[in-house]
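# Notes for the structure review
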Amino acid sequence: MIFYYSGTGNTRYAAVTIGKAIGDKRLLFIPDLVREIEAGKRSASSVFAGMADDEAIGFMFPVYSWGVPPIVTRFVREVLSPLQSDRYIWSVCTCGDEAGVAMRMFSRQVRELCGKAPGLSYSVIMPNNYVLLPGFDVDTQVVAQKKLDNMPAESAIIASKINNREHDVYCVTEGSVPALRTHIAFPLFRRWGVNTRRWHVSDRCISCGRCVRICPACNIEIISGRPVWHDDCYSCCACFHVCPRQAVNYGRFTNGKGQYICPERGR
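Here goes a summary of the coordinates provided. Just so you know, these numbers come straight off a predicted model, no measurement behind them.

### Focus: the packing of aromatic side chains
- Under the defined criterion, the tally for this structure stands at 14 aromatic pairs.
- Where Phe3 meets Phe75, the ring centres are 5.3 Å apart and the plane angle is 45°; that geometry is what we call tilted. Pair noted here: Phe3 is in strand E1 (residues 2-4) and Phe75 is in helix H3 (residues 70-79), with a separation of 72 residues, a long-range link. As far as the burial class goes, Phe3 and Phe75 line up, both buried.
- Three or more aromatic residues joined by ring pairs form one cluster here, namely Phe3, Phe48, Phe59, Phe61, Phe75 and Phe106.

### Focus: the pattern of salt bridges
- Tallied over the entire structure, the rule returns 10 salt bridges.
- Across the pair Asp139 and Lys147 runs a salt bridge whose closest N-O atoms are separated by 2.8 Å. Both residues of the pair, Asp139 and Lys147, count as buried.
- Beyond isolated ion pairs, a larger network of salt bridges with shared partners links Asp24, Arg26 and Glu55.

### Overview of the pairing of strand E9 (residues 226-229)
- Only one face of E9 is covered, namely the face carrying Pro227 and Trp229; the face carrying Arg226 and Val228 is uncovered.
- When strand E8 (residues 220-223) meets E9, the two strands line up antiparallel, connected through 4 bridges. Counted as the bridge partner of Glu221 is Val228 from E9.
- Remark: 2 residues form the turn of the hairpin made by E8 and E9, two consecutive strands paired antiparallel; Ser224 in that turn has positive phi of roughly 55°.

### Regarding the sheet that holds strand E2 (residues 27-29)
- Taking strand neighbours across the sheet as the criterion, the 6 strands line up as E2-E1-E3-E4-E5-E6 in an open arrangement whose pairing is parallel. This sheet does not close on itself; its edge strands, each paired only once, are E2 and strand E6 (169-171). Neighbour-to-neighbour, the strand axes of the sheet open up by a mean angle of 20°, direction not taken into account.
- Summarising the sheet, strand E3 (residues 57-62) and strand E4 (residues 89-95) pair through 6 bridges and their orientation is parallel. Within the sheet, the bridge partner assigned to Met60 lies in E4 and is Val92.
- Each of E4, strand E5 (120-125) and E6 is contacted by helix H5 (residues 141-163), which is oriented at about 170° to E5, the strand it contacts most.

### A word on the packing of helix H1 (residues 10-22) against H5
- In the contact formed by H1 and H5, the axes pass within 9 Å of each other and the chain directions differ by 45°. Compared by their axis directions, H1 and H5 come out oblique. Crossing angle aside, the handedness with which H1 passes H5 is right-handed. Contact residues: H1 offers Tyr13, Ala14, Thr17, Ile18, Ala21 and Ile22, while H5 offers Leu148, Met151, Pro152, Ser155, Ile158, Ala159, Ile162 and Asn163.
- In terms of residue class, the contact of H1 with H5 is built from 11 nonpolar, 3 polar and no charged.

### Details of the pairing of E5
- E5 sits mainly inside the fold: 5 of its 6 residues count as buried.
- Pairing of E4 with E5 involves 6 bridges; the strand directions are parallel. Each residue of the ladder has a partner; that of Cys95, found in E5, is Ile125.
- Running through helix H4 (residues 102-114), the crossover from E4 to the neighbouring parallel element E5 is right-handed.

### Examining H4
- Taking 1.5 Å as the rise per residue, H4 with 13 residues should run 18 Å; its terminal C-alpha atoms sit 19 Å apart, in good agreement.
- All of the buried residues in H4 are Ala102, Met103, Phe106, Ser107, Gln109, Val110 and Cys114. The buried residues of H4 occupy one face: seen down the axis, they fall within an arc of 160°.
- On its buried side, H4 packs onto E3, H3, E4, E5, E6 and helix H6 (178-192).
- Phi turns positive, to about 90°, at Gly115, one or two residues after H4.

Calculation notes
- Residues numbered from 1 in each chain as written.
- Predicted model: local features only at pLDDT ≥ 70, side-chain atom pairs only at ≥ 80, totals over all residues.
- Heavy atoms only, no water.
- Phe/Tyr/Trp six-rings, centres within 6.5 Å; stacked < 30°, edge-to-face > 60°.
- Helix = DSSP H or I, 4+ residues; strand = E, 2+ residues; numbered from the N terminus.
- Buried < 20%, exposed > 50% of the residue type's maximum accessible area, 1.4 Å probe, protein only.
- Salt bridge = Lys/Arg side-chain N within 4 Å of Asp/Glu carboxyl O.
- Pairing = 2+ DSSP bridges.
- Axes fitted to C-alpha atoms, helices over the stretch in contact; angles between N-to-C directions.
- Contact = heavy atoms within 4.5 Å.
- Parallel < 35°, antiparallel > 145°, perpendicular 65-115°, else oblique.
- Left-handed = near helix turned anticlockwise from the far one by under 90°.
- Nonpolar A, V, L, I, M, F, W, Y, C, P; charged D, E, K, R; others polar.
- Right-handed = clockwise from strand over helix to strand, strands pointing away.
- Expected span 1.5 Å × (residues − 1).
- Arc of directions from axis to C-beta.

Set out below in structure tokens:
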């Protein structure tokens, strides 16, 4: 069973690839599960119902500002406490270049909740797509394609280790001064990283609704023919990248920035 969160499709692509390699095609979308639990449509304890005793549990998510996306920590906090402590857990993050100590933080949270850390923690390098601050832009097409081409082979290595139930595996590209990046930049991101009032559309908007359909937070609504952003934004940038007319903008920060949606999304 693989629990994943993805905005622009990078993590979903990696999850599908790893899932096929380990013989597990059950991909459960974390934001949908959180909404069902909070709406009372599902209990947290029922998330793992029907699993075989020897079945592994995987968590996959992108790294945001060298930290774990809040929607992921929210989900893990809801569901992990009743989990059997002897079940094999693994975790994989996707990142544009480096992950900081995000996976160490995630492992610590898992250990505190269910008494054991993931047996495997890995990072997979995927194309950059964060565009909401100065100096951040998508990769060139050549760089992005190289990262996508490398992902299947890396996923095969990860899958082999999961199938063998290997423990104490930590293979994460943390980057330079990783603790500083995670413990300083990530809290600032959580507090100030998204101001939903900055999201707007230009006159190029054709009211196609693609931004509404792709939003993992279900945070966008078409009102009077124009998208309106509410307050539960995950900062995934998917709405910006999916717009066919480049009409979606975040203040002036996204002016002239490139667009990216994983070409393997949903396959």
